[in-house]
Amino acid sequence: MCGIAGTYGFGADTEGIARRMSSALAHRGPDGEGLFVDDRTGLAHRRLAIIDREHGAQPMTTADGRYTIIYNGETYNYLDLREELEQLGHTFRTDSDTEVLLEAHAEWGTAAYDRFNGMFAFAIHDAHTGTVTVARDHFGIKPLYYWSDPTADAADGPRVVFGSEIRSLLAARVFEAAPDDRAVYRYLKFRVQDDDSQTFFAGVNRLMAGEVLEIRADGTEITSFTRLKDELREIAARPSRPYDEQVVDEYRERFQESVRLRLQSEVPVGTSLSGGLDSSAVAALIARQLREQPDDERYSAVGTRQNTFSAVFPNSSNDEERYVDALLEDYQGQITSHKITPQPDSFLEDMHDFVRTQEEPIISTGPYAQYAVMREASQHVTVLLDGQGADEMMAGYNPYFYVYLRQLRRQKRFKELASEIVGSRDILRKLARTKFSGRTTVPIEALLNSGFVAEHHDEKVTSVQDDLKERLLEDTFRSSLPSLLRYEDKNTMRFSIEGRVPFVDKELLKFLFSLDESAIIHDGWNKRILRESMDGILPDMISKRRNKIGFTTPEGEWFRSIAPQLREIFASQTFASRPYFDAASVLALFDDYIAHPENYGTLMFWRLLNVELWMRTFFDDADGAVRALGGSAEAEGAPAPTPAAAPAPEADAEEPKSDYVANPGKQLDHVSDADGHSWRRLPLQTELVARGDDIETLARERVERFAAALPAEAVPAGMPWYFVISEKIIAISQGRSWFTWEVKPRRSAKVLSRFVSRTPAGIGLGDPTTMELAIREVGLPRVLAASAAGAAGKVVGRKGLFYEVVGANVRAIDGPTPYSAFPSNVSAKLPPKDPDAVSARISAAIRGADIPAALRESFVGTVVMDANDIGRNILGSDVATSHEHLEATFADNPLGQGRQRTPMAILVDLGIASQR
């Protein structure tokens, strides 16, 4: 096994680039540095030998000198392939699987790759044609990345670098590292990563599972070497094999063989043991074999006792230790257990290296548990087996139950549907509790830069909803497993360990797909065939356990413990300078999390944090991330890649808007349909308004600033003008605005809000928080009566009956709008109290302001306006002008619906348009 790197098309510099890339590969093998560079081909690797350590050196070349290979991984059926190739006349100089792959390519070309059962990423150079062929295994267990120069001249051929790690590509120094904004957005918004070829680094792609990249003098081409997904669909479409005891026995034998194949090694092998069903099954099968057949040579790499490695979290909500101990009790003479207890302090200390190791953002802090386990395991073994992949192949997560129920309904299999609903009732109850928990979720858009959101708002992520096997395929090859395999490979390679995954086996998966879905889910139990095949092998408390935790950290508890350190990151200048975040909103939400941690999950905070730390690690001053977490740059060992310069915070600072121009995309002057007058709207940008602020003083000071540099033509002499103020900031100053997480909706509010239509201009009462405020304002009976009137109005085609019954105060309730400026993007607001009186007080303050006398004399008064992109409503004023005429002046919503921060305006009546 080795970490590989390679170049194509760089001429005389090929060898130097290859050496830089190879030096950046993270792991160190049992043979030391093990750096090899083939000067002739530009292929390089770091060796970590597992099979035929003495003779399996790479790069390896065929006897005739034509083909040269670098190879990362293992092919478990290599002995069968070797026998077939020997019958065809091939001779072998080594006992390694590397040579088998090389000779197979020489015999069959890329058609050979579908024959390989294992995990691999390799590159083969053909000296006759100059072609380099790069391939990745059927499931993408082993990573492979590449960058192709988009500016390369077609006449000169392509320029490509590729490798097992992104850092090796960065170390080549042939392109400038930059983040891919689309990948960042999809991660922050949808929690996805590794689901397509684009990495988080602009221009750097991953070769997807089962793909071949051919690099030739005339260009590059990506194709698939396998039909595995199509084969699985074809198998699933055939009549299913009946589920019985023979099927269970056969599955056990096949799974045992998959485990045995992954024990082929000349170095020590151990097992990662989380306490869950999957890893426990792997460990138990090995332990049982050691008990029943201790002299079985096929298990010699394990030794006389199996080493298991477990992350445990005593007294935490997700501690799995009792399940680990149950297995240890059953196999006392066959297992030596190593328990690791990761702590939040060590998490902080390791954070820089952990983020750097992963290379791209990940779903949660959960992989840190595995990172800590691998560090300990590296002191005892070189190969580690675990249970990764079983969840995606046998419906290990709760959403699979919902998919299966929908499938049964679609297929009109109502008897089975009823049985599954009864069997899944505890899972369905959990879903209902989550849905009506009273926790108000904050949309991630409310925490992101509005321009960043607008640029990517068309992004969508979909998943299969009513076909279980199709959903398993989707999650195995795209949506779920690829990200898990990525962090497993990164963690193992970081500590020079080879991770092997017995469940991720194409023959085992084909067998599963030949069975009816009831082998996977039955009577509300998932992984049925695995559970039943482990009867008598695993303790019942493991094989029949309902809840799943697995290898993860107690993230919620840890975040509460290290909240001050995390807050420093969110409050940092670098975080505020990123083009991705609305730092004020993030910090406000995190402060409320610190005060009320029980109201929140932590996954959204982790994603924001992970992007920031990833940016610091790969694009800023390399020491920045280390200092932020109290670590030491020297402690990390391998050097960081050459960083690109980060933009200075000032470069991203928003330029303040002039008082005398319109908001972007709006017109300064507007001819009203109501009176034919031309009206000038001068939006005034303000600082954020908080609860308790003196709104009259704010208005007076803002008008004084406006008047101080007023151009003569902005407000023509003698023209009447009005001061318009948004109802939102008045409500905020009066304490009639709340963060969404401060409002605890009652059950009736949750139910009623589900029947309200939302519009792009505002959420209205379509959120439980705003519906709760409506109920508080006018009472539940009136809201119910209005709802009934609204429903009746829809039947007879009359709109607006709901608000006619419920009243204007409820119409003016505002909910969180992701595109608004903080805090409106995370707030729910009642209308201002006594808006007429507030208008009068503001007018008095303006008349006492330090402004030119002529301007004071032409001032008419104050208007409190509730305006959005679909309507206007005057809530209060101290002027005689009709509300209808004033509302018409704001027909195009000149103050904006987003983050313009212009909640005040000077409104000038320029007179009849035709006379101007």
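Residues numbered from 1 in each chain as written. Predicted model: local features only at pLDDT ≥ 70, side-chain atom pairs only at ≥ 80, totals over all residues. Heavy atoms only, no water.

A. Structural context of the overall build of the protein. When helices and strands are tallied, the protein shows 38 helices and 27 strands. Counting only residues that meet the buried cut, the protein has 58% of its 916 residues in that class. Looking at the protein alone, contacts between residues at least 24 apart form 72% of all its contacts between residues at least 6 apart. Accessible area of the protein: about 36100 Å², with a carbon and sulfur share of 49%. (Helix = DSSP H or I, 4+ residues; strand = E, 2+ residues; numbered from the N terminus. Buried < 20%, exposed > 50% of the residue type's maximum accessible area, 1.4 Å probe, protein only. Contact = heavy atoms within 4.5 Å. Areas by Shrake-Rupley, 256 points an atom, 1.4 Å probe, with all protein chains shown as cover.)

B. A look at helix H18 (residues 481–494). For H18, spanning 14 residues, the distance from its first C-alpha to its last is 20 Å, which sits close to the expected 20 Å at 1.5 Å a residue. The buried count for H18 comes to 13 of 14 residues, which makes it a mostly enclosed element. (Expected span 1.5 Å × (residues − 1).)

C. Examining the sheet that holds strand S4 (residues 60–61) more closely. The strand order S4-S5-S6-S7-S11-S12 describes an open sheet built from six strands, whose pairing is antiparallel. Edge strands, defined here as strands with exactly one partner in the open sheet, are S4 and strand S12 (219–224). Of the pairings in the sheet, the one linking strand S6 (residues 118–126) to strand S7 (residues 132–136) comprises five bridges and is antiparallel in character. Bridging across to S7, alanine 121 finds its partner in arginine 136. (Pairing = 2+ DSSP bridges.)

D. Broad picture of the packing of aromatic side chains. What the rule picks out here adds up to 44 aromatic pairs. Three or more aromatic residues joined by ring pairs make a cluster, and in this case those are Tyr185, Phe190, Phe452, Phe570, Phe575, Tyr580, Phe581, Phe590, Tyr593, Tyr600 and Phe605. (Phe/Tyr/Trp six-rings, centres within 6.5 Å; stacked < 30°, edge-to-face > 60°.)

E. Inspection of the side chain of glutamate 474 at higher detail. Among the structural elements, glutamate 474 can be located in helix H17 (residues 468–479). Classification of glutamate 474 as buried rests on a relative accessible area of 12%. Ignoring anything within four residues of it in the chain, the contact list for glutamate 474 reads Thr462, Ser463, Val464 and Ser479.

F. Layout of the pattern of salt bridges. Under the definition given, this model contains 66 salt bridges. Across the pair glutamate 214 and arginine 216 runs a salt bridge whose closest N-O atoms are separated by 3.8 Å. Residue classification places glutamate 214 among the partly exposed positions, given a relative accessible area of 22%. What makes arginine 216 partly exposed here is its relative accessible area of 24%. For the salt bridge of glutamate 359 with lysine 490, the shortest nitrogen-to-oxygen distance reads 2.8 Å. Within this pair, whereas glutamate 359 is found in the loop between helix H10 (344–358) and helix H11 (367–377), its partner lysine 490 is found in helix H18, the two being separated by 131 residues in sequence. (Salt bridge = Lys/Arg side-chain N within 4 Å of Asp/Glu carboxyl O.)

G. Representation of the nonpolar core within the structure. Residues Tyr251 and Phe255 are the most contacted members of the largest nonpolar core, which totals 149 residues. The leading source of residues in this core is helix H26 (residues 603–618), at ten residues. Once residues lying within four places of it in the same chain are set aside, the contact partners of phenylalanine 255 are Ala281, Val282, Leu285, Pro502, Phe503, Leu508, Leu530 and Met534. (Core = buried A, V, L, I, M, F, W, Y, C linked by side-chain atoms within 4.5 Å.)

H. Structural context of the sheet that holds strand S21 (residues 677–684). Ordered by their spatial adjacency, six strands build an open sheet running S20-S21-S27-S22-S25-S26, and the pairing between neighbours is mixed. Single-partner strands in this sheet number two, and they are strand S20 (669–671) and strand S26 (871–877). Adjacent strand axes in the sheet meet at a mean angle of 30° when their direction is disregarded. (Axes fitted to C-alpha atoms, helices over the stretch in contact; angles between N-to-C directions.)

I. Here's a closer look at the pairing of S12. Sheet topology note: the strand S11 (residues 211–216)/S12 ladder contains six bridges and is antiparallel. Along S12, the bridge assignment pairs arginine 216 with glycine 219. Connecting S11 to the antiparallel partner S12 that follows it, the hairpin turn spans two residues.

J. Broad picture of helix H25 (residues 583–595). Under the 1.5 Å per step criterion, the end-to-end length of H25 is 18 Å for 13 residues, consistent within 8% with the ideal 18 Å. All of the buried residues along H25 are Ala583, Ser585, Val586, Leu587, Ala588, Leu589, Phe590, Asp592 and Tyr593. For H25, the elements touching its buried residues are helix H22 (555–561), helix H23 (563–570), helix H24 (573–577), H26 and strand S23 (737–739).

K. Representation of the side chain of glutamate 555 within the structure. Along the polypeptide, glutamate 555 turns up in helix H22. Despite being buried, glutamate 555 has no salt bridge partner; arginine 607 is the closest side chain of opposite charge, sitting 8.2 Å away. (Lys, Arg positive; Asp, Glu negative; His and termini not counted.)

L. Broad picture of the pairing of strand S9 (residues 160–163). Burial along S9 is two-sided: Val160 and Phe162 facing one way and Val161 and Gly163 facing the other are all buried. As defined by bridge partners, strand S8 (residues 145–148) adjoins S9 across four bridges and the pair is classed as antiparallel. Pairing of tyrosine 146 across the sheet is with phenylalanine 162, part of S9.

M. Main features of the packing of helix H5 (residues 181–190) against H26. Across the interface, H5 lies against H26 with an axial gap of 9 Å and an inter-helix angle of 155°. The pairing of H5 with H26 is recorded here as roughly antiparallel in orientation. Between H5 and H26 lies a crossing whose hand is right-handed. For the pair H5 and H26, contact is made by Val184, Tyr187 and Leu188 and by Trp606, Arg607, Leu608, Asn610, Val611 and Trp614, respectively. (Parallel < 35°, antiparallel > 145°, perpendicular 65-115°, else oblique. Left-handed = near helix turned anticlockwise from the far one by under 90°.)

N. Representation of the environment of proline 179. The topology assignment puts proline 179 in the loop between helix H4 (166–171) and H5. In the structure, proline 179 is positioned 25 residues away from valine 204 in sequence and 9.7 Å away in space, judged by C-alpha atoms. In contact with proline 179, not counting residues within four places along its chain, are Phe200, Ala202, Tyr580, Trp614, Met615 and Phe619.

O. Representation of the packing of H10 against H18. At their nearest, the axes of H10 and H18 sit 9 Å apart, and the two run at 120° to each other. With respect to their mutual orientation, H10 and H18 come out oblique. For the element pair H10 and H18, the recorded crossing hand is right-handed. Contact residues: H10 offers Asp353, Phe354, Thr357 and Gln358, while H18 offers Arg486, Tyr487, Lys490, Asn491 and Arg494.

Fair warning: the whole summary comes from geometry, so function is off the table for now.
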